[in-house]
Amino acid sequence: MATAEKDLPNLPEDSTSLKAMLRSLLAERDREKQRADDLHIQNLRLQLELARVKKMYYGPRADRLNSSSELAQVLLDFGQELEQRPIHPDDVPPASEPEYELRRVKRRKGRRSLANFENLPVTTQVYELSAEERICPTCEVVRQESGAEESWQIEYIPGHFERIHHVRKKYACVKCERSGETPQMAVAARPESPIDKGMAGPGLLAYIVASKFADYLPLYRLEDIFARQGFEISRATQSVWCGDVADLVEPLYRRMAERVRQSHVVATDDTILPMLSPGKTKRARMWVYVGDPDHPYNVFDFTLDRGRDGPKQFLTDYRQVLLADAYGGYDGVVAGNAITRAGCWSHARRRLSTPKKRHRKSRARSWPCCVPCLP
């Protein structure tokens, strides 16, 4: 304040000079403000480009760069393009838009929410002092109960095996036996077994199948788990049981496949599935066919290779829309049929967000006509 008051006598006295000085200061302020806006826009663009580069280097496998040299080349090209780019007016954020702030996720204090805690069965364990411990060490008088401390604990009890002894009582007519006539025998019915004359119960079969196909637990690990629980079941026996369950649920599988083929749009894709074989593991294929919301089923189909015969056989009676990637084998599936082929935007994203040199020209030409924006 003292410096400002000291400089006041140096100001010009006439209004014309004061106005000129004020206009000069206002112009300088506008230039500094414009420079700050330019730097802010450049910072935003750098952050955006850096995020894209990080995605290409650390992101999904299909979008990554192959080496650090490719990353350096991308950064170099980005720097050269940035110097030549003019600032677009749309890149300038409006004055009323608040600056983005990173919000921290607040963690709730106390115990985590346990959805089904109240529905669990309760086992109460009571802990009491012995007769000797109840005697007061000071006056040697027996102490009386004055309350209890309570706490909760969640425990897991592993599954165990049980033998179910089925006894079917037989009933005969005594009168027929005494008269010498053919006795009328009757045997009480028992629950039907999933496997005819098999020892595995439905609960054991369901556990083995769910562990293998839903939890991806190999049969040799199940063999070790069962051995620790007191009853070993060889992996060969479990494999036979899995085949028997597959035969049992095959009508349900065919019904699900029929419902999927009634969908207006069927989405499909395939993935490599290693298959054990003598000498060397083979690369088989697992195809998935997903129905529309009116037929919400995911049906899997196994083939030994990626030939078009697999989807062609599955979609023999299908006449609507097939949603798939740019694999050329689908051309033979839809050729000559009333199937409309649709392109997958998730696969098209790779063409739009990854370097062009990573894609062969033959693959670029194989994209279907429903993605016209591809180069």
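What counts as what
- Residues numbered from 1 in each chain as written.
- Predicted model: local features only at pLDDT ≥ 70, side-chain atom pairs only at ≥ 80, totals over all residues.
- Heavy atoms only, no water.
- Helix = DSSP H or I, 4+ residues; strand = E, 2+ residues; numbered from the N terminus.
- Buried < 20%, exposed > 50% of the residue type's maximum accessible area, 1.4 Å probe, protein only.
- Areas by Shrake-Rupley, 256 points an atom, 1.4 Å probe, with all protein chains shown as cover.
- Polar contact = N/O pair within 3.5 Å; in protein donor to acceptor, adjacent residues only side chain to side chain.
- pLDDT = per-residue confidence, 0-100.
- Contact = heavy atoms within 4.5 Å.
- Patch = residues over 30% accessible without salt bridge, like charges linked within 9 Å, V, L, I, M, F, W, Y side chains within 5 Å.
- Salt bridge = Lys/Arg side-chain N within 4 Å of Asp/Glu carboxyl O.
- Pairing = 2+ DSSP bridges.
- Axes fitted to C-alpha atoms, helices over the stretch in contact; angles between N-to-C directions.
- Parallel < 35°, antiparallel > 145°, perpendicular 65-115°, else oblique.
- Nonpolar A, V, L, I, M, F, W, Y, C, P; charged D, E, K, R; others polar.
- Phe/Tyr/Trp six-rings, centres within 6.5 Å; stacked < 30°, edge-to-face > 60°.
- Lys NZ or Arg CZ within 6 Å of the ring centre and 35° of its normal.

A. Examining the overall build of the chain more closely. Broken down by element type, the chain carries 11 helices and seven strands. Counting only residues that meet the buried cut, the chain has 20% of its 375 residues in that class. A total of about 30900 Å² of accessible surface is found on the chain, and carbon and sulfur atoms cover 54% of it.

B. Structural view of the side chain of Ser-263. On the secondary structure map, Ser-263 appears in the loop between α7 (235-260) and β3 (265-275). Overall, the relative accessible area of 0% leaves Ser-263 in the buried class. Within polar-contact distance, the side chain of Ser-263 engages the backbone oxygen of Val-260 at 2.9 Å.

C. Examining the confidence of the model for the chain more closely. Per-residue confidence for the chain gives a mean pLDDT of 79; residues scoring 70 or more make up 75%. The spread of mean pLDDT over the elements of the chain runs between helix α11 (residues 361-365), the lowest at 43, and α7, the highest at 95. A low-confidence stretch, residues 359-375 stays under pLDDT 50, and its non-local contacts, those more than four residues away or across chains, total 25 contacts.

D. A look at a nonpolar patch on the surface. On the surface, Leu-11, Leu-18, Met-21 and Leu-25 cluster together into a nonpolar patch covering about 320 Å² of accessible area. Mapped onto the elements, Leu-11 comes out in the loop between α1 (2-7) and α2 (15-58).

E. Main features of unusual backbone geometry. Positioned with a positive phi, Glu-140 is a non-glycine residue whose angle comes to about 60°. Within the secondary structure, Glu-140 is located in the loop between α3 (68-84) and β1 (170-172). For Glu-140, a relative accessible area of 65% corresponds to the exposed category.

F. Representation of the pairing of β3 in the model. Note that β3 and strand β6 (residues 321-324) share three bridges and pair parallel. Bridged to Val-265 within β6 is Val-321. Examined bridge by bridge, β3 and strand β4 (residues 282-290) share nine bridges and lie antiparallel to one another. Counterpart to Asp-270 in the pairing with β4 is Trp-287. Connecting β3 to the antiparallel partner β4 that follows it, the hairpin turn spans six residues, and Gly-279 within it adopts a positive phi of roughly 95°.

G. Looking closely at the packing of helix α5 (residues 202-214) against α7. At their nearest, the axes of α5 and α7 sit 10 Å apart, and the two run at 95° to each other. Classified by the interaxial angle, the pair formed by α5 and α7 is roughly perpendicular. On the side of α5, the interface is formed by Leu-204, Leu-205, Ile-208, Val-209, Lys-212 and Phe-213, while α7 contributes Gln-238, Trp-241, Cys-242 and Val-245. Here the residues of the contact of α5 with α7 sort into eight nonpolar, one polar and one charged.

H. The arrangement of the packing of aromatic side chains in detail. This model, assessed by the stated rule, comprises six aromatic pairs. Residues Tyr-289 and Phe-314 carry aromatic rings whose centres are separated by 4.0 Å and whose planes lie at 10° to one another, so their mutual orientation is stacked. You can see Tyr-289 sitting in strand β4 and its partner Phe-314 sitting in helix α8 (residues 309-314), a full 25 residues away along the chain. You can call Tyr-289 buried: its relative accessible area is 0%. Relative to Tyr-330, the ring of Tyr-327 lies with its centre 5.5 Å away and its plane at 85°, an arrangement referred to as edge-to-face. Neither residue differs from the other here; Tyr-327 and Tyr-330 are each classed as buried. Through pairs of rings, three or more aromatic residues link up here, namely Phe-161, Tyr-207, Phe-226 and Phe-231. Sitting over the face of the ring of Phe-314, Arg-261 holds its NZ or CZ atom 4.9 Å from the ring centroid.

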